[in-house]
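# Summary of the model geometry
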Amino acid sequence: MGPEGKTLLNIIILGFGFMFIFTAFQTCGNIEQTVIKNFNSTEFHGSGYTSMAIIYGVFSASNLIAPSVVAVIGPQLSMFFSGLVYSGYIAMFIHPFTWTFYTASVLVGIAAAILWTAQGNLLTINSTDATIGRNSGIFWALLQFSLFFGNMYIYFAWHGHTHITDKDRETVFISLTVISLVGCFLFFLIQKPEPEATPSETSEPMPADSTESASLVANTPGLCSQAVNAFKKALQLSVTKEMLLLSISIAYTGLELTFFSGVYGTCIGAMTRFGDDAKSLIGLSGIFIGLGEILGGGVFGMLNKCNRYGRNPVVLLGLITHFVAFYLIFLNIASDAPIAPEEGTNLEAYLTPSVPVALLCSFLLGLGDSCFNTQLLSIVGFMFREDSAPAFAVFKFVQSITAALAFFYSNYLLLHWQLLIMVIVGFLGTLSFFVAEWMVIISRLNTDYDSI
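Source: prediction; values computed, not measured.

### Details of the overall build of the protein
- The secondary structure content of the protein amounts to 16 helices and zero strands.
- Residues classed as buried in the protein amount to 52% of the 452 residues present.
- Taking all contacts inside the protein whose residues are at least 6 apart in sequence as the whole, residues at least 24 apart take part in 85%.
- Per element, the accessible surface of the protein, about 18,900 Å² overall, is 68% carbon and sulfur.

Set out below in structure tokens:
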């Protein structure tokens with residue numbers, strides 16, 4: 001197999017590894033609040049929303065140390081050990097205790113920062129300028145398929161269940177743990193790329209033997225110095241006019257990420273007026289979110305057909321899509337659904353609760369999210385081309401902080417207040433994105449804008 005074939009195979013293995021891990025983890029996040037409400041134990045007092053708030057809060061802070069960890073032990077081992085932490089978090093639900101629940105949440109937050117930093121490094125060293133777009137698209141598509149398989153399993157496993165028994169919980173989380181572990185061990189199939197397959201001489205190759213690893217460890221002080229410099233650069237970028245404008249849009253993606261990945265599924269599961277299949281509809285909702293994500297990413301991300309019109313139309317489409325979804329959710333889902341007790345809620349909103357409308361909203365949430373994220377990644381990569389690493393660190397920091405905040409207030413706020421927050425921040429974020437995009441257009445008046 002030639003060098004290009006080997007690097008392409010590495011990308012495919014990387015995508016499948018993440019697909020397995022996040023098939024397990026995203027399914028876990030989607031159902032954990034429902035599972036906790038149904039957990040028959042007087043000794044357990046955890047909250048799924050609080051756990052996710054901890055994960056994203058720690059994730060945000062841990063971006064400061066992740067580059068040093070990846071530089072010392074390499075991306076392959078970084079992903080493997082981080083994946084084991086994810087698997088441990090999922091396995092904890094087989095028989096959860098409050099202290100293990102929140103301890104595992106902290107550890108997953110740290111592991112998440114290391115996992116995604118390593119993923120970016122491995123994607124880079126297996127790509128060239130000519131293949132980075134293709135490889136990113138392949139990885140993204142494989143990752144998004146994780147929304148299908150786990151949620152499909154939940155739909156069939158919980159079909160017709162009004163209460164999640166201990167046996168149901170144990171069966172699901174044992175299965176998810178095994179799936180996650182498969183993803184971890186897939187990373188060992190990734191091979192070291194040939195030198196000519198790397199994008200530049202300055203790219204850090206994957207450690208292949210003990211000599212290289214020892215050299216990296218010996219240079220740990222220098223690595224720490226680089227991490228400090230990167231942190232300082234990120235602080236400088238975070239207060240630039242461009243990043244401050246984009247931060248409002250990025251913050252919105254954190255809020256809506258929390259809503260579609262955790263809160264909305266809980267709302268659907270709490271709606272007793274959806275019938276005996278309400279719990280299994282959580283999985284079906286996740287499948288429709290995945291359909292929206294893959295469609296939007298394929299059209300606006302991988303195919304990249306909208307550049308000649310700029311990014312603003314895509315972001316505007318994302319906002320309109322989300323506003324339609326929010327309005328239908330407001331009409332279709334009871335306001336107390338996010339904080340309803342284990343037995344659910346019998347309240348109605350303004351319409352007779354409709355399963356097709358609920359699933360349509362799931363699709364729209366995924367489609368709108370892909371519109372925002374593909375364009376934010378594009379504009380951040382362009383505006384901060386020379387400082388992409390610290391720029392994307394700021395991106396993840398802002399997104400993680402707002403996601404953590406949203407998971408925290410989801411414990412207390414009724415549905416209509418959560419929707420109102422997203423409407424306000426989404427509107428302001430879209431306006432600020434328009435201004436940032438116009439700054440890009442002005443800066444490219446004398447260049448070929450179609451080449452962006």
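### Quick notes on the packing of helix 11 (residues 241-270) against helix 13 (residues 312-332)
- The N-to-C vectors of helix 11 and helix 13 enclose an angle of 40°; their axes lie 14 Å apart at closest approach. What the angle tells us is that helix 11 and helix 13 run oblique. When the axes of helix 11 and helix 13 are compared, the crossing they make is left-handed. Residues Y252, E256, F259 and Y264 of helix 11 form the contact with helix 13, whose own contacting residues are H322, F326 and I329.
- Its residues placed into classes, the contact of helix 11 with helix 13 shows five nonpolar, one polar and one charged.

### A closer look at a nonpolar patch on the surface
- Judged by side-chain polarity, I73, L77, F81, L84, L181, F185 and F188 come together as a nonpolar surface patch covering roughly 580 Å² of accessible area.
- If you list the elements that add at least two residues to the nonpolar patch, you get helix 4 (75-91) and helix 8 (166-186).
- Broken down by element, the residue count for the nonpolar patch peaks at three residues, all from helix 4.
- Checked against the element boundaries, F185 lands in helix 8.

### Examining the environment of T321
- Within the secondary structure, T321 sits in helix 13.
- Judged by relative accessible area, T321 falls into the buried class, the value being 7%.
- Sequence-distant contacts of T321, defined by excluding residues within four places in its chain, comprise L364, L367 and G368.

### What about the pattern of salt bridges?
- Enumeration over the complete set of coordinates arrives at two salt bridges.
- For E170, the salt bridge goes to R169, with nearest N and O atoms at 3.8 Å.
- A relative accessible area of 3% places R169 in the buried class.

### Overview of helix 11
- Taking 1.5 Å of rise per residue, the 30 residues of helix 11 would be expected to cover 44 Å, and the 43 Å separating its terminal C-alpha atoms lies within 8% of that figure.
- At F260, helix 11 is deflected by roughly 40°, the largest bend along its length.
- Most of helix 11 is tucked away: 25 of the 30 residues are buried.

### Section: the confidence of the model for the protein
- Averaged over every residue, the pLDDT of the protein is 80; residues scoring 70 or more account for 82%.
- In the predicted structure, residues 197-218 sits below a pLDDT of 50 and forms 35 contacts with residues beyond four places in sequence or in another chain.

### Regarding the side chain of T345
- As for its position among the elements, T345 is in the loop between helix 13 and helix 14 (355-383).
- Polar side-chain contacts of T345 include one of 2.9 Å to the side chain of D336.
- If we skip the residues at most four places from it in the chain, T345 touches A270, M271, T272, A334, D336, A337 and A340.

### Digging into the packing of helix 3 (residues 66-73) against helix 5 (residues 98-125)
- Relative to each other, helix 3 and helix 5 sit at 60°, their axes nearing to 9 Å. With respect to helix 5, the axis of helix 3 lies oblique. In this structure, helix 3 meets helix 5 at a crossing whose hand is right-handed. Contacts from A66, P67, V69 and V70 in helix 3 reach A113, I114, T117, A118 and N121 in helix 5.
- The class makeup of the residues in the contact of helix 3 with helix 5 is seven nonpolar, two polar and no charged.

### Topic: the side chain of S432
- Along the chain, the position of S432 falls in helix 16 (residues 415-443).
- Discounting chain neighbours no more than four positions away, the residues touching S432 are L245, I248 and S249.

### Some thoughts on the environment of G265
- With respect to the helices and strands, G265 occurs in helix 11.
- We classify G265 as buried; its relative accessible area is 1%.
- Among all residues touching G265, those that are not within four sequence positions of it are N30 and I282.

### Quick word on the packing of aromatic side chains
- Counting across every chain of the model gives 26 aromatic pairs.
- Ring geometry for F18 and F22: centres 5.9 Å apart, planes at 15°, overall stacked. Linking F18 with F22, this pair stays in helix 1 (residues 3-38), spanning four residues, or about one helical turn. A single burial state applies to F18 and to F22, both of which are buried.
- A ring pair is formed by Y56 and F407, whose centres lie 5.8 Å apart and whose planes are at 15°; its orientation type is stacked. Taken together, the positions of Y56 in helix 2 (residues 48-62) and F407 in helix 15 (residues 388-409) put the pair 351 residues apart, joining distant regions of the chain.

### Some points on the environment of V314
- Here V314 lies in helix 13.
- Taking the C-alpha atoms as reference, V314 lies 5.9 Å from C371; in sequence the two are 57 residues apart.

Rules used in this analysis
Residues numbered from 1 in each chain as written. Predicted model: local features only at pLDDT ≥ 70, side-chain atom pairs only at ≥ 80, totals over all residues. Heavy atoms only, no water. Helix = DSSP H or I, 4+ residues; strand = E, 2+ residues; numbered from the N terminus. Buried < 20%, exposed > 50% of the residue type's maximum accessible area, 1.4 Å probe, protein only. Contact = heavy atoms within 4.5 Å. Areas by Shrake-Rupley, 256 points an atom, 1.4 Å probe, with all protein chains shown as cover. Axes fitted to C-alpha atoms, helices over the stretch in contact; angles between N-to-C directions. Parallel < 35°, antiparallel > 145°, perpendicular 65-115°, else oblique. Left-handed = near helix turned anticlockwise from the far one by under 90°. Nonpolar A, V, L, I, M, F, W, Y, C, P; charged D, E, K, R; others polar. Patch = residues over 30% accessible without salt bridge, like charges linked within 9 Å, V, L, I, M, F, W, Y side chains within 5 Å. Salt bridge = Lys/Arg side-chain N within 4 Å of Asp/Glu carboxyl O. Expected span 1.5 Å × (residues − 1). Bend = angle between axes of the 7 residues up to and from the residue. pLDDT = per-residue confidence, 0-100. Polar contact = N/O pair within 3.5 Å; in protein donor to acceptor, adjacent residues only side chain to side chain. Phe/Tyr/Trp six-rings, centres within 6.5 Å; stacked < 30°, edge-to-face > 60°.

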